[in-house]
Amino acid sequence: MPQFKTVLVTGGAGYIGSHCVVDLLDAGYDVVAIDNFANAVGDEEGSPALNRAEQITGKKITFYEADLLDKAQINGIFDKHNVDCVIHFAALKAVGESMQQPLLYYQNNLLGMLNLLEVMRSHNCYQMVFSSSCTVYGEPKHLPITETHATGNITNVYGRTKYFIEEMLKDLSAADAKWNIISLRYFNPVGAHPSGLIGEDPTKEFTNLMPFMAQVALGKKPVLTIFGNDYNTPDGTGIRDYIHVMDLANGHVAALNLLCTSHLGLKIYNLGTGRGVSVKELVDVFERVTSTKVPTKYVARRLGDITAMWADASLANTELGWTTTRSIEQMCTDFWRWQTMNPDGYPKKNKTSVIVMNGKS
């Protein structure tokens, strides 16, 4: 049994959050999840993703519809639960949208984190795993990217919010030795749980590549729009380090295990496969493993995007005992299973106003 008992997961109804909750429950943790449904589907029964996570694991999740900008509400949740550690996913996360609405992103992501840290401190909870991003590196100076690569020269507002939060955490851990924080810099999560019950169900038009591609393969969208085919890469499309969402979820459990046994102050790890795959390559693999056709259309580069990026994740391997095990083919196969089982995503019931603080357990 883990030393920590209760883990609070912010953004728990979202894509990465819900997959991580499954892994946490399987690892023996009690999970309290919160979400404001800015990036996730909700209905009058709460979160369809978390209801299905309960189905997958056979375990219960305590869920609150809550917003980190409402500090009193978050304080009330901490009053009710003896939280040992927080995994903080909740954030607005669309690169394109962040360039159009910077104030929204700064308010939500930075103030939300400040409120959370203050409530944690007032409840004597100093353990956190923070969901950061490889966007903090900006346009890479060298590849693969290690954790010592310079940060701060960032090409988009979303990435800057992650960078500013990391700087905040550095200052906080330097000022108060009680804090014990791991910041995980994700590369590009794709795929879905192998059951096909949970997956990525975008709530905004600024969508990620794989859901868009799957919708085209299903015939729900006519063509996949690829931003830029004039990058300085072998086939002209951007290169990313795609990581299976379940490998990413495993990384959070590994981080919790280290926080349980070590006092780190603030420690940063890359979570990626170490392999760069171009957008065109990913489309080709997806077509091959799903036996579908994905018509593509190239348009101008998107503001804020970079050319190529992949991780050196050897530090996470050495210190967390973590490595990726799932291939690009499995990422595509698992996502296609989710999408064909749920062609319209989660069931969209009419969402009535939910009584805030109505914990479901």
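Residues numbered from 1 in each chain as written. Predicted model: local features only at pLDDT ≥ 70, side-chain atom pairs only at ≥ 80, totals over all residues. Heavy atoms only, no water.

Draft legend 1. Looking closely at the packing of aromatic side chains. Throughout the structure, instances matching the rule amount to six aromatic pairs. Seen in terms of ring centroids, F37 and F63 are 5.7 Å apart; in terms of plane orientation they differ by 50 degrees. Their pairing is tilted. Within this pair, whereas F37 is found in the loop between β2 (30-35) and α2 (48-57), its partner F63 is found in strand β3 (residues 62-65), the two being separated by 26 residues in sequence. You can call F37 buried: its relative accessible area is 12%. Here the aromatic rings of F286 and W336 are separated by 5.7 Å at their centres, their planes lie at 85 degrees, and the arrangement is edge-to-face. Taken together, the residues F286 in helix α9 (residues 279-290) and W336 in helix α11 (residues 328-341) connect sequence positions 50 residues apart. One aromatic cluster is present, formed by Y106, Y163 and F164 through successive ring pairs. Directly above the aromatic system of F212 lies the positively charged group of K221, at a separation of 5.6 Å from the ring centroid. When the ring centre of Y231 is taken as origin, the NZ or CZ atom of R301, which lies over that ring, is 4.1 Å away. (Phe/Tyr/Trp six-rings, centres within 6.5 Å; stacked < 30°, edge-to-face > 60°. Helix = DSSP H or I, 4+ residues; strand = E, 2+ residues; numbered from the N terminus. Buried < 20%, exposed > 50% of the residue type's maximum accessible area, 1.4 Å probe, protein only. Lys NZ or Arg CZ within 6 Å of the ring centre and 35° of its normal.)

Draft legend 2. Layout of the nonpolar core. In terms of nonpolar packing, the biggest core is built from 73 residues, with L24, L184, L256 and L320 touching the most fellow members. Within the second largest apolar cluster, 27 residues are counted, among which are I77, L110, L117 and V119. (Core = buried A, V, L, I, M, F, W, Y, C linked by side-chain atoms within 4.5 Å.)

Draft legend 3. Highlighting the sheet that holds strand β11 (residues 266-271). The seven strands lie next to each other as β3-β2-β1-β4-β5-β6-β11, forming an open sheet whose pairing is parallel. Two strands bound the open sheet, and with one partner strand each, they are β3 and β11. Taken over all neighbouring pairs, the strand axes of this sheet differ in orientation by 20 degrees on average, direction set aside. Pairing between strand β1 (residues 6-10) and strand β4 (residues 85-88): four bridges, direction parallel. The residue of β4 that forms the bridge with V9 is I87. Running at roughly 165 degrees to strand β5 (residues 127-133), helix α5 (residues 102-122) makes contact with β1, β4 and β5 of the sheet. On the sheet, helix α6 (residues 157-175) packs against β5, β6 (180-186) and β11 and is oriented at approximately 150 degrees with respect to β5. (Pairing = 2+ DSSP bridges. Axes fitted to C-alpha atoms, helices over the stretch in contact; angles between N-to-C directions. Contact = heavy atoms within 4.5 Å.)

Draft legend 4. How the structure looks around the pattern of salt bridges. Under the counting rule described, the total for this entry stands at 14 salt bridges. The salt bridge involving D30 is made with K5; its shortest N-O contact spans 2.4 Å. A residue pair is termed long-range when its members are at least 10 positions apart, and D30 in strand β2 and K5 in the segment before β1 qualify at 25 residues. D30 sits in the partly exposed class, given a relative accessible area of 32%. Between K267 and E319 there is a salt bridge; the shortest N-O distance is 3.4 Å. Of this pair, K267 sits in strand β11 while E319 is found in helix α10 (residues 314-319), placing the two residues 52 residues apart along the sequence. (Salt bridge = Lys/Arg side-chain N within 4 Å of Asp/Glu carboxyl O.)

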